[in-house]
Amino acid sequence: MAAGETYAASDPLLQPHRLRCMDLLDTVNRTALRDHATRETVLRQLFARLGPDGWVMPRFLCEFGFFIELGPRVRINFDALLLDCAPITIGADTWLGPRCQLYTANHPFEPERRAALCEQANPITIGADVWIGGGSIVLPGVTVGAGSIVGAGSVVTKDLPPGVLAAGNPARVLRALPEGHRPGPGATAPP
């Protein structure tokens, strides 16, 4: 899966990993909204890496967890879905708005192969200091360059360079951003 090769989503070898993930997600999503410490403890068991001083708000969903790496001070808002059949790497100080979706998995065009539950996955890499607006979707194999902003509701189908504002479906670069910008108001740390 991690190598981008075709695999059977129904492979029994994947089931224990999915069950482990489900149990940890149940715990994460049952925590009180103000109980960041408990959520952080469980997320450290779930993820490959969880940098310091970040937060992930419930309801959070993923498929395996162990393919997800979050840098320091990453903020993931409510109702995010990270479909991690391949690595998802998110750089320091990056913010994901509510209901963002990152999909590493893809299905074949041929109906017979889809019916056989064949999949292929490609990693997603999001650089440092990125802001992805609420309701945005990032598709398999995409890299979002450091310092970029993706407008709310966008569908990112191809790589975005560093330091740009992109929006739309499919997302396209609207303009370069001034150097030294940071993601703006709207995603503050919890109390």
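Keep in mind the model is a prediction, meaning the values are calculated, not measured. (Residues numbered from 1 in each chain as written. Predicted model: local features only at pLDDT ≥ 70, side-chain atom pairs only at ≥ 80, totals over all residues. Heavy atoms only, no water.)

A.B. asks: Give me the lowdown on helix α1 (residues 15-30), citing residues and values where you can.
C.D. replies: Between its first and last C-alpha, α1 extends 23 Å over 16 residues, near the 22 Å set by a 1.5 Å rise per residue. Of the residues making up α1, those classed as buried are Arg-18, Cys-21, Leu-24, Leu-25, Val-28 and Asn-29. Taken end-on, α1 shows its buried residues confined to a sector of 130°, consistent with a single buried face. What points out from α1, more than 90 degrees from its buried face, is the exposed set Asp-23 and Arg-30. Contacts made by the buried residues of α1 are with α2 (36-46) and β4 (61-62). (Helix = DSSP H or I, 4+ residues; strand = E, 2+ residues; numbered from the N terminus. Expected span 1.5 Å × (residues − 1). Buried < 20%, exposed > 50% of the residue type's maximum accessible area, 1.4 Å probe, protein only. Arc of directions from axis to C-beta. Contact = heavy atoms within 4.5 Å.)

A.B. asks: Describe the confidence of the model for the protein, with residues and values.
C.D. replies: Taken over all residues, the pLDDT of the protein has a mean of 92, while the share at 70 or more is 94%. Here residues 184-191 is modelled with pLDDT under 50, and outside its nearest four sequence neighbours on either side it reaches 10 contacts, counting other chains as well. (pLDDT = per-residue confidence, 0-100.)

A.B. asks: Can you break down the environment of Asp-79 residue by residue, with the values?
C.D. replies: Along the chain, Asp-79 turns up in the loop between β6 (75-76) and β7 (81-83). Given a relative accessible area of 31%, Asp-79 falls into the partly exposed group. Asp-79 has contacts with Pro-58, Arg-59, Arg-99 and Cys-100, leaving out every residue within four places of it along the chain. Polar side-chain contacts of Asp-79 include one of 3.3 Å to the side chain of Arg-99. (Polar contact = N/O pair within 3.5 Å; in protein donor to acceptor, adjacent residues only side chain to side chain.)

A.B. asks: Summarise the sheet that holds strand β12 (residues 118-121); cite the residues concerned and give the values.
C.D. replies: Pairing in this open sheet of three strands is antiparallel, and the strands run β1-β12-β11 from one edge to the other. Lying at the two open borders of the sheet, with one neighbouring strand each, are β1 (7-8) and β11 (105-106). Direction of pairing for β1 relative to β12: antiparallel, over a ladder of two bridges. Residue pairing in the sheet places Ala-8 in a bridge with Cys-118 of β12. (Pairing = 2+ DSSP bridges.)

A.B. asks: Outline the pairing of strand β20 (residues 171-176), listing residues and values.
C.D. replies: In summary, the side chains of a regular strand alternate between the two faces of the sheet. In the sheet, strand β19 (residues 164-168) pairs with β20 via five bridges, with the strands oriented antiparallel. Among the inter-strand pairings, Ala-166 is bridged to a residue of β20, identified as Val-173. Hairpin connection from β19 to β20: two residues lie between these consecutive antiparallel strands.

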